[in-house]
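Chain residues, written in single-letter form:
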Amino acid sequence: DEAKKCYEDAINLEPENEQGYRYMADVLFEQEEYEESIKFYQKAWELSKDNAMLIEKGMAIKKIANKEKSKEKLNEALEIFEEVIKNDVKNGNAWWEKANCNWNLKNYKESEKCCLEACKLDPENTQIWCDLGDLAIKRKSPDEALLFFEKALFYDETYVNAHIGIATAYRYLKQYSKSIQY
């Protein structure tokens, strides 16, 4: 609450400075006040034209969508990520968020395409590699999933999701002794 007060003061003192809006939105997001955070991310974007603000806004909408199980809200978030990509095709974070929306909408082929694009732009992001592994398992391709999870471990051998993914892939391959090693 003290942080909110400080950001509110900053906004009142300099209403044309996007930073107060940005930080207020971050606090609201962290406090799971997503509807309110959206307004502040929008204002920060209007002042700065920083695509990161649109991505954060989309993530807040996605949080609401998941909470409400709303396809309409997921599509709204998806449109935001597509807008960012249209303006900045090399924005790996937007591609990844677009992949997450498509996953939640059960558009797995599109999700995989987006993850592959995100990996090209941010190859050291272990979670994207794990997401690709999860998508390969969904496609019933555990051998391919292993490659994705191993790629994640290449970048971070301590990444727990990659170890869990490898164990899961081995379980699908019915290689139980290897599965329990992870």
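Residues numbered from 1 in each chain as written. Predicted model: local features only at pLDDT ≥ 70, side-chain atom pairs only at ≥ 80, totals over all residues. Heavy atoms only, no water.

S.K.: Would you explain the overall build of the protein in this entry?
M.R.: Across its full length, the protein carries 11 helices and 0 strands. Reading the secondary structure of the protein in the N-to-C direction produces α-α-α-α-α-α-α-α-α-α-α. When its C-alpha atoms are laid out on the principal axes, the protein stretches across 65 × 30 × 30 Å. Out of the 182 residues belonging to the protein, those deemed buried represent 46%. A fraction of 43% describes how many contacts in the protein between residues 6 or more apart in sequence connect residues 24 or more apart. For the protein, the computed accessible surface area is about 10500 Å², with 49% contributed by carbon and sulfur atoms. If you average the places of the 27 positive and of the 36 negative side-chain charges in the protein, the two averages end up 8 Å apart. (Helix = DSSP H or I, 4+ residues; strand = E, 2+ residues; numbered from the N terminus. Buried < 20%, exposed > 50% of the residue type's maximum accessible area, 1.4 Å probe, protein only. Contact = heavy atoms within 4.5 Å. Areas by Shrake-Rupley, 256 points an atom, 1.4 Å probe, with all protein chains shown as cover. Lys, Arg positive; Asp, Glu negative; His and termini not counted. Charge placed at Lys NZ, Arg CZ, Asp CG, Glu CD.)

S.K.: Looking at this model, I keep getting lost on the pattern of salt bridges. Mind explaining?
M.R.: Per the counting criterion, the structure on display carries 13 salt bridges. Here lysine 62 makes a salt bridge to glutamate 97, at a shortest N to O gap of 2.4 Å. Remark: glutamate 97 occurs in helix α6 (residues 92–104) and lysine 62 occurs in helix α4 (residues 51–68); sequence separation between them is 35 residues. Residue lysine 62 shares its accessibility class with glutamate 97, and that shared class is buried. The salt bridge involving lysine 73 is made with glutamate 76; its shortest N-O contact spans 3.8 Å. Of this pair, lysine 73 and glutamate 76 both sit in helix α5 (residues 71–87), 3 residues apart, which is roughly one turn of the helix. Accessibility expressed as a relative area gives 32% for glutamate 76, which makes it partly exposed. Connected through shared salt-bridge partners, Glu82, Lys98, Glu110 and Lys113 make up one network. (Salt bridge = Lys/Arg side-chain N within 4 Å of Asp/Glu carboxyl O.)

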